[in-house]
Amino acid sequence: MLEHGQGTNLQDAEWIEWIYQHLDPSNMSNLQREKEATHTAITALYADINPIWLEAARSVETRKQEEDRQQHEQRVHPLPDRKTVMAMIIRRLGWRLPGSSSTVPIYGLTVRQATQLQDGPALEQRQQLMAAFVQEARGVVGVTAHIDPENEINRFHTTLARLWSDVRWENKNKETLWCLAVDGVPLPGNTHLSRMPPQPCGCGTFGGPNSPPSSPRLHHFWECPIAQAVRDQIDRHLSSSATTEGGMGRHHLWLIQAPPGCDQAPWDVIAMAALSSMEHGRHCLRAAIRGQRQMETMDPRQPPPSPQPQTRVEQGPRQRVITDFFRQSGSPLVQEEEANDTQPAGPSLLQPTIGGRTQMVATTAAASSPLHRARVRAIADFWARLHSFAALGIPRRGWDRVGPQHPILAVAGGQVQCAAPIALTD
Ligand SMILES: [Zn+2]
């Protein structure tokens, strides 16, 4: 029996002889193979094949069988084309909206929902900041009614939407409120500048080692003497029913909720003007103190620097009206830029003439401290803003019920009339 390895020493001619002898039936007399001998010969041949070749041949065979099977399968169940596959995948994709467990299919997503998805984190942060604002606004003394915070926040959102669309006034008069609501007025130590220590206020009651703890926002837009000067103007114009309840509350001002005796539409304007003028007063005080420091450190032998060119940012109808407003007083107020103004205020700083009445707000030489001047300027800014609004005429919405007796902004003779400033009290 020829086994693997045994035939490797056979020469070509010997192989041929061997094949004739064992496999070629023509060599056999009866033309029939001898089964036993043939089987033995084939087995020997097989055993003589290199096992590596055999393995390779087997794997080729297996692969070919698999390809045949796949081709058969495709003939029976053809694969979908690329477009169909994409459609199948996309139909199964979707978005999960914040606060919702169900998904919105990708083809069903509206622009509103997509915007919601994109702005989701920012909106959430904004919501938290507004909640804190409402809470701080409601921390006012004297309010005993139970407040539903969620309801209050929703109400404030509605207010902001109304102020944006219904109050036709330059946006610069609305900006302070918008910033304040998200603690966005750049006050060191607030939510956005929390890594910076609170900056002491020039009034001396905030940011010092012995100052009571207070948020920068609460100080500058409520507690600071500048803010109080503006509040005082409002309080003294409000009807007695409001003042018996302790005057204007912080929620009236910050959340733009009309106090007793006020209609909502004029109050929208009054409150936004007040917040804007408080911010204006803050800038004035900071600039005045900075200027004072520069004067102190200046070499007395050097001549004083010439005034810088005017860089007033606020343009438009308001400024024109301020000019009209203060023209008769001959006051340099309008021309003065807060950042440049370090001169002591003269006795005629604010002598507005309204309706034939002249009211002196700051009339003494003692009124030359930066704080006092900042307070006067905040008040002047407040009334100037209101006059600018009155000059726009009666708004179409919400002013039907406003009569001639309404505090601060009244409607009489087909015009919006603005009340007069009241002398500043310390
Ligand atoms: Zn202050």
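Residues numbered from 1 in each chain as written. Predicted model: local features only at pLDDT ≥ 70, side-chain atom pairs only at ≥ 80, totals over all residues. Heavy atoms only, no water.

### As for the overall build of the protein chain
So, step 1. Looking only at helices and strands, the protein chain has 14 helices and 6 strands in total.
So, step 2. The proportion of buried residues among the 426 residues of the protein chain is 39%.
So, step 3. The contacts of the protein chain with a sequence gap of at least 6 include a subset with a gap of at least 24, amounting to 61%.
So, step 4. For the protein chain, the computed accessible surface area is about 25700 Å², with 54% contributed by carbon and sulfur atoms. (Helix = DSSP H or I, 4+ residues; strand = E, 2+ residues; numbered from the N terminus. Buried < 20%, exposed > 50% of the residue type's maximum accessible area, 1.4 Å probe, protein only. Contact = heavy atoms within 4.5 Å. Areas by Shrake-Rupley, 256 points an atom, 1.4 Å probe, with all protein chains shown as cover.)

### A closer look at the coordination of the zinc ion
Each angle at a metal carrying four tetrahedral donors should ideally be 109.5 degrees, and each at a metal carrying six octahedral donors should ideally be 90 or 180 degrees.
So, step 1. Donor atoms from the polypeptide that coordinate the zinc ion comprise Cys201 (SG), Cys203 (SG), His219 (NE2) and Cys224 (SG), at 2.0 to 2.3 Å from the metal.
So, step 2. Every donor counted, the 4 donor atoms about the zinc ion form angles of 104 to 117 degrees at the centre, which fits tetrahedral coordination.
So, step 3. Mapping the donors of the zinc ion onto the primary sequence yields the spacing C-x1-C-x15-H-x4-C. One end of the pair, Cys201, is in the loop between helix 7 (175-181) and helix 8 (216-223); the other, Cys224, is in the loop between helix 8 and helix 9 (225-237), and 23 residues separate them in sequence. Comparing Cys201 with Cys224, the two get one shared label, buried. (Donors = N, O, S within 2.8 Å, 3.2 Å for Na, K, Ca; no water. Tetrahedral: all angles 85-135°; square planar, octahedral: opposite > 155°, others 65-115°.)

### Considerations on helix 3 (residues 51-76)
So, step 1. In this model, helix 3 (26 residues) spans 38 Å end to end at C-alpha, consistent with the 38 Å of a helix rising 1.5 Å per residue.
So, step 2. Between a side-chain oxygen at the N-terminus of helix 3 and the backbone nitrogen of Ile52 the separation is 3.0 Å; the capping residue is Asn50. (Expected span 1.5 Å × (residues − 1). Polar contact = N/O pair within 3.5 Å; in protein donor to acceptor, adjacent residues only side chain to side chain.)

### Quick word on the packing of aromatic side chains
So, step 1. Under the criterion given, the structure shown has 6 aromatic pairs.
So, step 2. A connected cluster of aromatic rings, assembled from ring pairs, spans Phe133, Phe156 and Trp254.
So, step 3. One cation-aromatic arrangement involves Arg231 over Trp222; the distance from NZ or CZ to the ring centre is 3.5 Å.
So, step 4. The ring centre of Trp254 lies 5.4 Å from the NZ or CZ of Arg250, which sits over that ring. (Phe/Tyr/Trp six-rings, centres within 6.5 Å; stacked < 30°, edge-to-face > 60°. Lys NZ or Arg CZ within 6 Å of the ring centre and 35° of its normal.)

### Concerning the pattern of salt bridges
So, step 1. Tallied over the entire structure, the rule returns 11 salt bridges.
So, step 2. Glu66 is the salt-bridge partner of Arg69, the closest N and O atoms lying 2.9 Å from each other. Here Arg69 and its partner Glu66 are both found in helix 3, 3 residues apart, which amounts to about one turn of the helix.
So, step 3. Among the ionic contacts, a cluster of salt bridges with common partners joins Glu136, Asp183 and Arg217. (Salt bridge = Lys/Arg side-chain N within 4 Å of Asp/Glu carboxyl O.)

### What about the pairing of strand 5 (residues 409-412)?
A regular strand places its side chains so that they alternate between the two faces of the sheet.
So, step 1. In this structure, strand 5 lies alongside strand 6 (residues 415-418), joined through 4 bridges in antiparallel fashion. Across the sheet, residue Leu409 finds its bridge partner in strand 6, namely Cys418.
So, step 2. Turn length for the strand 5-strand 6 hairpin, with the two strands adjacent in sequence and antiparallel, is 2 residues, and the turn residue Gly413 shows positive phi of about 60 degrees. (Pairing = 2+ DSSP bridges.)

### Quick word on the nonpolar core
So, step 1. In terms of nonpolar packing, the biggest core is built from 67 residues, with Trp254, Leu386 and Leu409 touching the most fellow members.
So, step 2. Sequence-distant contacts of Leu386, that is, excluding residues within four places in its chain, are made with Val269, Ile270, Ala273, Ile408, Leu409 and Cys418. (Core = buried A, V, L, I, M, F, W, Y, C linked by side-chain atoms within 4.5 Å.)

### Focus: the side chain of Gln113
So, step 1. Locating Gln113 in the fold gives a position in helix 5 (residues 111-137).
So, step 2. Within the structure, Gln113 has its side chain in polar contact with the backbone nitrogen of Thr110 (distance 3.0 Å).

### Concerning the packing of helix 12 (residues 264-297) against helix 14 (residues 370-390)
Packed helix pairs are characterised by how far apart their axes lie and by the angle those axes make with each other.
So, step 1. Relative to each other, helix 12 and helix 14 sit at 145 degrees, their axes nearing to 7 Å. The way helix 12 lies across helix 14 gives a crossing that is right-handed.
So, step 2. Residues of the contact of helix 12 with helix 14, tallied by class, amount to 15 nonpolar, 5 polar and 4 charged. (Axes fitted to C-alpha atoms, helices over the stretch in contact; angles between N-to-C directions. Left-handed = near helix turned anticlockwise from the far one by under 90°. Nonpolar A, V, L, I, M, F, W, Y, C, P; charged D, E, K, R; others polar.)

### Things to note about the environment of Val416
So, step 1. Mapped onto the elements of the fold, Val416 is located in strand 6.
So, step 2. In this structure the C-alpha to C-alpha distance between Val416 and Ala391, which are 25 residues apart in sequence, comes to 7.4 Å.
So, step 3. When near neighbours in sequence (up to four residues on either side) are disregarded, Val416 contacts Ala390, Gly393, Ile394, Pro395, Trp399, Leu409, Ala410 and Val411.

### Here's the deal with the environment of Pro105
So, step 1. Within the secondary structure, Pro105 sits in strand 2 (residues 103-105).
So, step 2. You can call Pro105 partly exposed: its relative accessible area is 46%.

### Let's talk about unusual backbone geometry
So, step 1. A positive phi is found at Asp183, a non-glycine position, where the angle reads about 55 degrees.
So, step 2. Backbone geometry places Ile408, a non-glycine residue, at a positive phi of 70 degrees.

### Regarding helix 14
So, step 1. Its 21 residues give helix 14 an end-to-end C-alpha distance of 30 Å, which sits within 8% of 30 Å, the value for a rise of 1.5 Å per residue.
So, step 2. Extensive coverage of helix 14 is indicated by the burial of 20 of its 21 residues.

### Quick word on the confidence of the model for the protein chain
So, step 1. In this model, the protein chain carries a mean pLDDT of 79, and residues with pLDDT of at least 70 account for 75%.
So, step 2. Within the protein chain, no element has a lower average pLDDT than helix 13 (residues 317-326), which sits at 40, and none a higher one than helix 14, at 96.
So, step 3. In this model residues 307-363 is a low-confidence stretch, pLDDT under 50, and it forms 106 contacts with partners more than four residues away in sequence or in other chains. (pLDDT = per-residue confidence, 0-100.)

### Side note on the environment of Ser215
So, step 1. Mapped onto the secondary structure, Ser215 falls in the loop between helix 7 and helix 8.
So, step 2. According to the relative accessible area criterion, Ser215 is partly exposed, its value standing at 23%.
So, step 3. Along the primary structure Ser215 and Pro198 are separated by 17 residues, whereas in three dimensions their C-alpha atoms are 8.5 Å apart.
So, step 4. Ignoring any residue separated from it by four or fewer positions in sequence, one finds Ser215 in contact with Glu136 and Phe206.

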